[in-house]
Amino acid sequence: MEETKPPIANGAVVNKEVEGETPSGSTMEAQEFDAKMTGHLLRKLDWHLIPFMSLIYLLCFLDRTNIGNARLDNLEQDLGLTGLQYNDCLAILFPFYISAEIPSNMMMKRMRPSIWITFIMVCWSACMIGQGFVKNYQGLMAARVFLGLFEGGLFPGVNYYIMNWYRPHECGFRMALFFSAATLAGAFGGILARGIAEMNGVGGLSAWSWIFVLEGLLSILVSFSAYWAIYDGPSSATFLTPVERHEVERRLAIDNGHLSNDFNVNYVWQAIADWKIYIHMLICMAGFCPVYSFSLFLPTIIKNMGYSANNAQLMSVPPYVFACIFTIAASWFADRYRQRGAFLLGSQLVAILGFALLAGSDSPTVQYTGTVFAAIGIYPQIPLGLAWNGSNIGGNLKRGTGLAMQVMGGNCGGIIASYVYLTRDGPRYITGHSILIGFIGMAFFLTLFMTTWCRRENARRDSIMREMGPRELTEEQKLLEKELADDASWFRYTL
């Protein structure tokens with residue numbers, strides 16, 4: 001949502017600032033924050049919020065996708081997997097992952113984030129450890145079901161959490177920092193898997209078992225500190241002074257205007273009925289499909305270029321390093337220029353180039369270059385798309401529901417991704433690369449449509465406002481607009 005609004009947007013909020021009243025109702029002496037003080041406040045928030053959330057997501061993504069590394073250490077042979085059974089074990093996680101997302105965000109609103117996130121993290125870590133002791137196809141399927149059920153709430157929950165601390169035009173960069181942990185998980189996972197391969201046979205367990213057990217133990221150790229490391233909200237943040245807490249709440253109130261923050265199921269239904277969120281769900285699905293395909297199958301793709309299993313684990317690291325850099329840079333520039341759609345379109349074109357190189361050449365050098373371009377193009381799409389959708393949804397609960405819906409749509413791409421690269425299509429996987437080009441192409445045209453629609457809708461609302469002239473809303477009109485979310489007359493969409 002744009003920073004500047006017509007006078008009717010923040011009449012009530014301006015009065016609170018003058019009186020020195022916080023959005024939560026307490027009174028205190030008002031203090032003007034200049035650009036330098038605001039920058040200091042944002043850095044303080046970044047330091048206390050983003051690193052631990054990024055660490056949690058790194059472990060979550062690592063636990064979800066390390067099965068791709070385990071595959072190179074005889075997972076299929078030891079468990080007797082044949083045909084599409086390996087792909088089935090990948091896919092079974094996502095329906096349960098998806099089903100947990102909206103309820104989890106509602107629990108984030110109802111409960112304290114420090115309690116809820118700690119709970120789901122302990123549970124998925126235990127599932128990860130248990131996955132290291134499965135003996136057959138049925139056991140692996142069961143472990144993946146529970147892993148998906150408990151991991152499903154983290155990604156939408158943390159994105160919703162970030163939007164309760166920062167203004168919309170500041171969220172993209174923070175979401176990118178958080179999501180860049182997924183790229184680090186890919187790099188770290190390859191290095192870790194190469195080292196763990198030397199433990200094959202220790203304690204009677206295969207190397208793939210140790211990958212699951214050790215990474216699960218790492219997650220559960222971190223989860224024990226999560227309750228104390230996660231701050232529930234600005235009003236109770238002990239690392240902020242009272243003046244800083246007031247300023248964080250004031251800044252959030254500027255963009256929220258007089259929209260409702262109440263826990264009311266009507267706002268959930270508003271999100272479910274909003275066609276724009278479904279467009280973003282499709283864009284997110286077309287983004288997550290190549291992300292999951294890439295993370296689950298990159299070691300296999302690189303091995304089929306002619307590398308040994310151990311070297312393939314190590315060669316999977318550089319694409320993720322480049323992806324991390326470009327994911328953070330793209331969102332930083334998008335936040336600075338407040339143009340998310342344009343950067344999303346650029347990322348999609350780069351991703352198409354990468355998969356075209358993979359599909360169009362049998363040269364290992366060209367193919368490996370393709371993996372780098374693919375990584376650079378696919379990973380920035382997720383934080384860009386989430387920040388874009390989140391900033392264009394009005395109202396706290398509707399935003400939380402809409403983000404959960406978007407991630408639900410995105411993770412439907414994980415189900416598809418599980419079957420994109422089939423053994424019978426190796427070693428080139430031309431069919432799989434072509435499928436991903438098609439999905440990214442669909443996302444490109446949907447992104448172009450939404451960018452155009454938002455620009456025209458903003459122009460239409462500006463025209464209406466000019467015709468009506470400046471005016472102050474009555475209490476009845478404010479009460480009516482409180483329920484309108486992003487349909488409120490003053491609301492403007494981020495492009």
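In short, a report on the structure. (Residues numbered from 1 in each chain as written. Predicted model: local features only at pLDDT ≥ 70, side-chain atom pairs only at ≥ 80, totals over all residues. Heavy atoms only, no water.)

1. Focus: the nonpolar core
Then, in step 1: Counting residues in each nonpolar core, the largest one holds 128 residues, and the members touching the most others are Y57, F155, W165 and Y379.
Then, in step 2: With 15 residues, helix α15 (residues 275–303) is the single largest residue contributor to this core.
Then, in step 3: Ignoring any residue separated from it by four or fewer positions in sequence, one finds Y57 in contact with R64, L154, F155, F178, F179, A181 and A182.
Then, in step 4: With seven residues, the next largest nonpolar core counts A271, M281, A404 and M405 among its residues. (Core = buried A, V, L, I, M, F, W, Y, C linked by side-chain atoms within 4.5 Å. Buried < 20%, exposed > 50% of the residue type's maximum accessible area, 1.4 Å probe, protein only. Helix = DSSP H or I, 4+ residues; strand = E, 2+ residues; numbered from the N terminus. Contact = heavy atoms within 4.5 Å.)

2. Quick word on the packing of helix α18 (residues 340–360) against helix α20 (residues 381–391)
Then, in step 1: In the contact formed by α18 and α20, the axes pass within 10 Å of each other and the chain directions differ by 155°. If you check the angle between α18 and α20, you find them roughly antiparallel. The two elements α18 and α20 meet at a crossing, and its hand is left-handed. On the side of α18, the interface is formed by R340, G341, F343, L344, S347, Q348 and A351, while α20 contributes Q381, L384, G385, A387, W388 and S391. (Axes fitted to C-alpha atoms, helices over the stretch in contact; angles between N-to-C directions. Parallel < 35°, antiparallel > 145°, perpendicular 65-115°, else oblique. Left-handed = near helix turned anticlockwise from the far one by under 90°.)

3. Description of the pattern of salt bridges
Then, in step 1: Considering all chains together, one arrives at 14 salt bridges under this definition.
Then, in step 2: Between E76 and R71 there is a salt bridge, and its shortest N-O distance comes to 2.9 Å.
Then, in step 3: Owing to a relative accessible area of 19%, E76 belongs among the buried residues under this scheme.
Then, in step 4: As a salt-bridge pair, K398 and D274 come within 3.1 Å of each other at their nearest N and O atoms. With K398 in helix α21 (residues 396–417) and D274 in the loop between α14 (265–272) and α15, this residue pair connects regions lying 124 residues apart in the sequence. A single burial state applies to K398 and to D274, both of which are buried.
Then, in step 5: One network of salt bridges, with partners in common, ties together D274, K276 and K398. (Salt bridge = Lys/Arg side-chain N within 4 Å of Asp/Glu carboxyl O.)

4. Some points on the packing of helix α2 (residues 35–65) against helix α11 (residues 168–196)
Then, in step 1: For the pair α2 and α11, the least separation of the axes is 8 Å and the interaxial angle reads 35°. The two elements α2 and α11 meet at a crossing, and its hand is right-handed. In contact with L42, D46, I50, M53, S54, Y57, L58, F61 and L62 of α2, α11 contributes E170, R174, L177, F178, F179, A181, A182, L184, A185, F188 and G189.
Then, in step 2: For the contact of α2 with α11, the class distribution of residues is 15 nonpolar, two polar and three charged. (Nonpolar A, V, L, I, M, F, W, Y, C, P; charged D, E, K, R; others polar.)

5. Some thoughts on the side chain of Q348
Then, in step 1: With respect to the helices and strands, Q348 occurs in helix α18.
Then, in step 2: A residue is classified by how much of its surface remains accessible, and Q348, at 0% relative accessible area, is buried.
Then, in step 3: One polar contact links Q348 to T447, side chain to side chain, over a distance of 3.1 Å.
Then, in step 4: Apart from the residues lying within four places of it in its own chain, the contact partners of Q348 are I283, Q381, I440, A443, F444 and T447. (Polar contact = N/O pair within 3.5 Å; in protein donor to acceptor, adjacent residues only side chain to side chain.)

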